[in-house]
Amino acid sequence: MHWSDVIAQRLAERGDEHIIATGITPSGEFHIGHLREILTGDMIARAARKAGLKAELVFVVDNADPLRKVYPFLDDAYHEFIGMQLGSIPAPDEHGKPDWARFEQDGWNYGDHFLLPFLEALKQIGVQPRLIPNLESYQNGFFTNSAKRACDDPEAIREIIERVSSRELPETWFPWQPLNSKGSLDGISVTGYEFPLVYWKDEYGVEGQSDITKGEGKLPWRLDWPAKWGFNKITCEPFGKDHGAAGGSYATGVEIAAFFGHEAPTPLVYEWISLRGQGAMSSSTGNTVGPIEALQLVPPEILRLLIANSKPNKAIEFDTGMGLVNLADEYERLASRDFEAELADDSLSRRQRVQVEDAKVALDLSMVDPEHQAQSTAVSFRHLALLAQTKPTDEALMGSLIDSGTIHASTAALEDRLQRMRSWITSQHFPEEMRISILSHPNVESMNELTQDQRNLVQPLAATLKAVDWTAEGITSAFSNTAKELETPMREMYRTLYAMFMGTVRGPRLAPILVNCERDVILELADACAALIDN
RNA sequence: GGGCCUGUAGCUCAGUCAGGUAGAGCGUCGGACUUUUAAUCCGAUGGUCGCGGGUUCGAACCCCGUCAGGCCCGCCA
């Protein structure tokens, strides 16, 4: 059974209506790693609906969390905002400086700044969750009940956290973090409490009070999380392995939620995504690939497949090079399979059957629109990558595909893919081994590897090339006529051509590529190769 | 110190929950298509299932131990 269906089954045992939560702190650029959180949630919701349950996906925006430090992409001016809540400080402008104008005019804040592009990407990917901005939840008093219970009995909370996480809390610990005289959550000590007010003194010696019903502060993370499970009625939540470890915030959350008077959501712990060869993704170090950036390279279905096809507890190494090619081709293969026919085969073993079923579910989950059936574009990514490099215009490329009988007519899906392919090819992510490059100087090593028969082709070919029209047909005729004259098989001719022009043993069809190159440059290269043979 | 995850073919991983003769894709090699879109099609190659014990008629799978890698027990998806 597919992992999403396993969770759906668990949810079915729990009840008929579900709210599946995801939550992210908008402290910096969103990246592919965050996509796993939200896509995992989305796929659980779809699986639950498939199982006949009512399911809604929500996205808790943790904009009540404080700015922890001045990240590399921020101006030093952000020093004054450390400890302040992301939803109440100005967003950085293009230079990383606080954009006061927009903040004061229309309340454009730090959290919004990073959230919006992510939501845009999510839309393209087919995920449109209900947003729950956490800061507003505090300000609207939704946290009041839980905050009151915690503040009324801090020792009970302390006991749970210390026992479950086996860490000691400082004497001064209090289950509410008030905002200080400068609006920061840092460097403050609680001096007293009488509902709804928490009394405090900050590091500047200023004293004040914080009303827990109005969001003049927040619950520490380990309480904040279980509290919002309650008033948001969360029944299921996928979260990263960092929260899932024994003694982690989910473990304490389960008991704290019970203390608050509600049940913890059904958990699903997922592994992190790292960038191939560069370790974990992190917004703060800038080691990221953003969802928008990824969408410029591949269609959304393929990003969805990455998540759908990996079990949550499996670490994913995101590879924007060959890994992406393989992933995309995997998608094409899946899309062209006939699962109904495969499943109708009675001779399948239990394992084989499971494999086919899971592949089908993974493909279904990859659809941006859950109502749509996957359709194969009939052209593999690998193949398209070649064509896109050899055909300068889309018309030429489609024409060539139609001529070869690969497709009957151009489709929107294919054109969309081609557009992304072209942007991928020009990006830094495109793998070198896929890049077609014509040599500028002869590759001596390759030339030396040629057999005598092959070497004999070089000079006649260089001469013939000069005489033909510089068209694909003309160049092709130069190849075949030269081979015919010397009574050499075409196979040998191609081997020679690739050595001369690309320094390789094999390659893509050469004539269409050469015709797009400068005639004189190619002739010069051919002559240089011929000169090499001479010596 | 305590805990979690991972370890299966050259590579990426299924298969472990319900024990029953080791799977897929990619790669590699060979063949076909006889002017090749590194295309497509066909075939072959390939694994002491990290290691050692135990349970069992039977273990990649269950149990115990052990090694290696990653991670968590402030914050982080």
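Because the structure is predicted, anything quoted here is derived from the model rather than measured.

1. Considerations on the confidence of the model for chain A
Part 1 of the reasoning: Averaged over every residue, the pLDDT of chain A is 89; residues scoring 70 or more account for 98%.
Part 2 of the reasoning: Here the predicted complex carries an ipTM of 0.88, next to a pTM of 0.91.

2. Details of the nonpolar core
Part 1 of the reasoning: Among the nonpolar cores identified, the biggest contains 87 residues, and Ile32, Leu35, Phe59, Leu67, Tyr110, Leu303 and Phe318 are the most heavily contacted of them.
Part 2 of the reasoning: If near-sequence neighbours (up to four positions away) are discounted, Phe318 is found in contact with Ile32, Ile273, Ser274, Leu275, Arg276, Val289, Leu303, Leu306 and Leu324.
Part 3 of the reasoning: Formed by 32 residues, the second largest nonpolar core is a distinct cluster that contains Leu465, Phe501, Leu523 and Leu525.

3. Description of the domain arrangement of chain A
Part 1 of the reasoning: Once the domains are mapped, chain A shows domain 1 (287–432) and domain 2 (444–534).
Part 2 of the reasoning: Each of domain 1 and domain 2 has a C-alpha centre, and the two are 35 Å apart.
Part 3 of the reasoning: In this complex, domain 1 contributes four residues to the contact, which on the side of domain 2 involves four residues.
Part 4 of the reasoning: Here domain 1 packs against domain 2, burying approximately 280 Å² in sum over the two surfaces, 69% of which is carbon and sulfur.
Part 5 of the reasoning: On inspection of domain 1 and its partner domain 2, the count reaches zero salt bridges.
Part 6 of the reasoning: At the boundary of domain 1 with domain 2, the tally comes to one residue pair in polar contact (both at pLDDT 80 or more).
Part 7 of the reasoning: In the side of domain 1 that touches domain 2, the residues fall into two nonpolar, one polar and one charged.

4. Observations regarding the pairing of strand β7 (residues 207–211)
Part 1 of the reasoning: Here strand β6 (residues 197–202) pairs with β7 via five bridges, running antiparallel. The residue of β7 that forms the bridge with Tyr199 is Gln209.
Part 2 of the reasoning: Linking two consecutive strands that pair antiparallel, namely β6 and β7, is a turn of four residues; a positive phi of about 85° is found at Gly205 within it.

5. A word on the protein's contact with RNA strand B
Part 1 of the reasoning: Lining the immediate environment of RNA strand B, one finds 46 residues, of which Arg167, Tyr270, Leu387, Tyr494 and Pro508 sit closest.
Part 2 of the reasoning: Counting only the atoms of RNA strand B within 4 Å of the protein, the fraction contributed by sugar and phosphate is 70%.
Part 3 of the reasoning: At a separation of 3.0 Å, a phosphate oxygen of RNA strand B approaches a polar side-chain atom of Lys311.
Part 4 of the reasoning: Of all the secondary-structure elements, those providing two or more residues to the surface near RNA strand B are β1 (17–24), α2 (32–50), α8 (221–231), α9 (241–244), α15 (350–366), α16 (381–390) and α22 (490–501).
Part 5 of the reasoning: With four residues, the top contributor of residues to the surface near RNA strand B is α22.
Part 6 of the reasoning: Taken together, the residues of the surface near RNA strand B sort by class into 16 nonpolar, 15 polar and 15 charged.

Cut-off values and rules
- Residues numbered from 1 in each chain as written.
- Chains lettered and ligands numbered in written order.
- Predicted model: local features only at pLDDT ≥ 70, side-chain atom pairs only at ≥ 80, totals over all residues.
- Heavy atoms only, no water.
- pLDDT = per-residue confidence, 0-100.
- Core = buried A, V, L, I, M, F, W, Y, C linked by side-chain atoms within 4.5 Å.
- Buried < 20%, exposed > 50% of the residue type's maximum accessible area, 1.4 Å probe, protein only.
- Contact = heavy atoms within 4.5 Å.
- Domains from an automatic or database assignment.
- Buried area = accessible area lost by both parts, 1.4 Å probe.
- Salt bridge = Lys/Arg side-chain N within 4 Å of Asp/Glu carboxyl O.
- Polar contact = N/O pair within 3.5 Å; in protein donor to acceptor, adjacent residues only side chain to side chain.
- Nonpolar A, V, L, I, M, F, W, Y, C, P; charged D, E, K, R; others polar.
- Pairing = 2+ DSSP bridges.
- Helix = DSSP H or I, 4+ residues; strand = E, 2+ residues; numbered from the N terminus.
- Near = heavy atom within 4 Å.

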